Amino acid sequence: MEKKEYLTFREGVNACIPTILGYLGIGIAAGVVGKNVGLSIAEIALMSILIYAGGAQFIICGMLAIHSPISAIIFTTFLVNLRHFLMSMSVATYFKKEPLITSIGIGTLLTDESYGVLMTVLNNDYRVSSAWTHGLNITAYLAWILSTILGGLLGTWIPDPYLLGLDFALVAMFAGLFILQVDGPIKKYTKETLIVLATVCISLYFFMGFFSSELSVLFATLLGCTVGMVNHHE
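My aim in this report is to walk through the structure given alongside it, one point at a time. Here the residue index of a chain counts from 1 through its sequence in written order. Since the coordinates come from a predicted model, pLDDT governs what is reported: local features require at least 70, and pairs of side-chain atoms require 80 or more to be given and counted, while whole-chain, interface and lining totals use all residues. Values reported for side chains reflect all heavy atoms of the structure, with hydrogen atoms and water molecules removed beforehand.

### Concerning the packing of aromatic side chains
Two rings from Phe, Tyr or Trp (for Trp, the six-membered ring) form a pair when their centres sit within 6.5 Å of each other. Planes less than 30 degrees apart are called stacked, planes more than 60 degrees apart edge-to-face, and all others tilted. One pass over the full model with this rule turns up eight aromatic pairs. Seen in terms of ring centroids, Phe206 and Phe210 are 5.0 Å apart; in terms of plane orientation they differ by 50 degrees. Their pairing is tilted. For Phe206, a relative accessible area of 48% corresponds to the partly exposed category. Here Phe210 falls in the exposed class, since its relative accessible area comes to 59%. Put simply, the rings of Phe206, Phe207, Phe210, Phe211 and Phe219 touch in pairs and so form one group of aromatic residues. Under the scheme applied here, a residue whose accessible area is under 20% of the maximum for its type counts as buried, over 50% as exposed, and between as partly exposed, the area being computed with a 1.4 Å probe on protein chains only.

### Remarks on a nonpolar patch on the surface
A grouping of Phe75, Phe78, Phe85 and Met89 is seen on the molecular surface, where their side chains present a nonpolar patch of about 480 Å² in accessible area. Secondary structure elements are taken from DSSP: a helix is a run of H or I of four residues or more, a strand is a run of E of two residues or more, and numbering for both begins at the N terminus. Of note, Phe78 is situated in helix H5 (residues 70–80). Judged by relative accessible area, which is 46%, Phe78 ranks as partly exposed. Patch membership requires more than 30% relative accessible area and the absence of a salt bridge. Residues of like charge join within 9 Å; the nonpolar side chains Val, Leu, Ile, Met, Phe, Trp and Tyr join within 5 Å. Accessible surface is estimated by sampling points in the Shrake-Rupley manner with a 1.4 Å probe; for residues, cover comes only from the protein chains shown. Salt bridges are defined by distance alone: a side-chain nitrogen of Lys or Arg within 4 Å of a carboxyl oxygen of Asp or Glu.

### Things to note about the environment of Leu215
Assignment of secondary structure puts Leu215 in helix H12 (residues 213–233). For Leu215, a relative accessible area of 21% corresponds to the partly exposed category. Taking the C-alpha atoms as reference points, Leu215 and Leu204, separated by eleven residues in sequence, lie 9.5 Å from one another. Any two residues whose heavy atoms approach within 4.5 Å at even a single point are treated as in contact. With residues up to four places along the chain from it excluded, the contact list for Leu215 reads Leu79 and Leu82.

### With respect to helix H2 (residues 17–36)
Expected helix span is given by 1.5 Å per residue-to-residue step, counting one fewer step than there are residues. Taking 1.5 Å of rise per residue, 20 residues should cover 28 Å, and H2 covers 29 Å from first to last C-alpha, within 8% of that figure. When the local axis directions of H2 are compared, the greatest deviation, roughly 30 degrees, occurs at Tyr23. Phi turns positive, to about 100 degrees, at Gly38, one or two residues after H2. Bend at a residue means the angle formed by two fitted axes: the first through the 7 residues ending at that position, the second through the 7 residues beginning there.

### Here we look at the nonpolar core
Side chains of a nonpolar character, in soluble globular proteins, are inclined to be buried together. Ranked by internal contacts, the top residues of the largest apolar core, which has 35 residues, are Tyr23, Tyr52, Val91, Leu118, Val128 and Trp132. Counting residues per element, the ones that place at least two in this core are H2, helix H3 (41–50), helix H4 (54–65), helix H6 (83–92), helix H8 (112–123) and helix H9 (130–154). If one sorts the elements of this core by residue count, H9 sits on top with seven residues. Residues belong to a common nonpolar core when they are buried Ala, Val, Leu, Ile, Met, Phe, Trp, Tyr or Cys residues joined through side-chain atoms within 4.5 Å.

### Brief notes about the side chain of Ser48
Inspection of the secondary structure assignment puts Ser48 in helix H3. Counted as a polar contact is a pair of N or O atoms within 3.5 Å, where, for protein atoms, one must be capable of donating a hydrogen and the other of accepting one, and residues adjacent in sequence contribute only when both atoms are in side chains. Here Thr148 takes part through its side chain, which lies 2.8 Å from a polar atom of the side chain of Ser48. Every residue in contact with Ser48, bar those within four places of it in the chain, is listed here: Gln57, Tyr141, Trp144, Ile145 and Thr148.

Quick look at the structure:
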């Protein structure tokens, strides 16, 4: 049976629309927080362009507020974003025939949200092209930059974005992506999928007692991947 295909840039843009809605809320919140710690609109925009990581940007703003040294901010940001290595490696096989510059472009703009959309499509037996993936990633990238700039502009009138519930936008989006991504595998491989989910949840709870949340997520993910691979080969 031939796989269904998502090939065009426009189809990638359309696939990103749910992500845009989630980015608006959390991006505005990030911009407001940045403005309230003394960043200019240009600095907020530059941070989104160069760092492009919601969680890391919130952490950076918090560390700037308490005047943390630059070295500590850089190291913390690296740890927070370390999971992106795993995400990029897990999708690399789907683009192994692409030129190196194309693969670098895909990996550079891959986020938790766009990764969730990409894996949901792949798990539903679609074949994607690099053009489709660029449409997904670039649209999300631009939406994040613009939403944080908007948040910076609104920062004067919204002193606390959490009062408006903007922080819940990201939680809601992740919940939706998680359900979509698990729905297919749990129907086809119920036992194996439940074992992997249980492994990740239990190990994450255990690791959190010894490591930071960022490292705990990384270790739990690696353990879950290992268990999933062993079950698959069995």
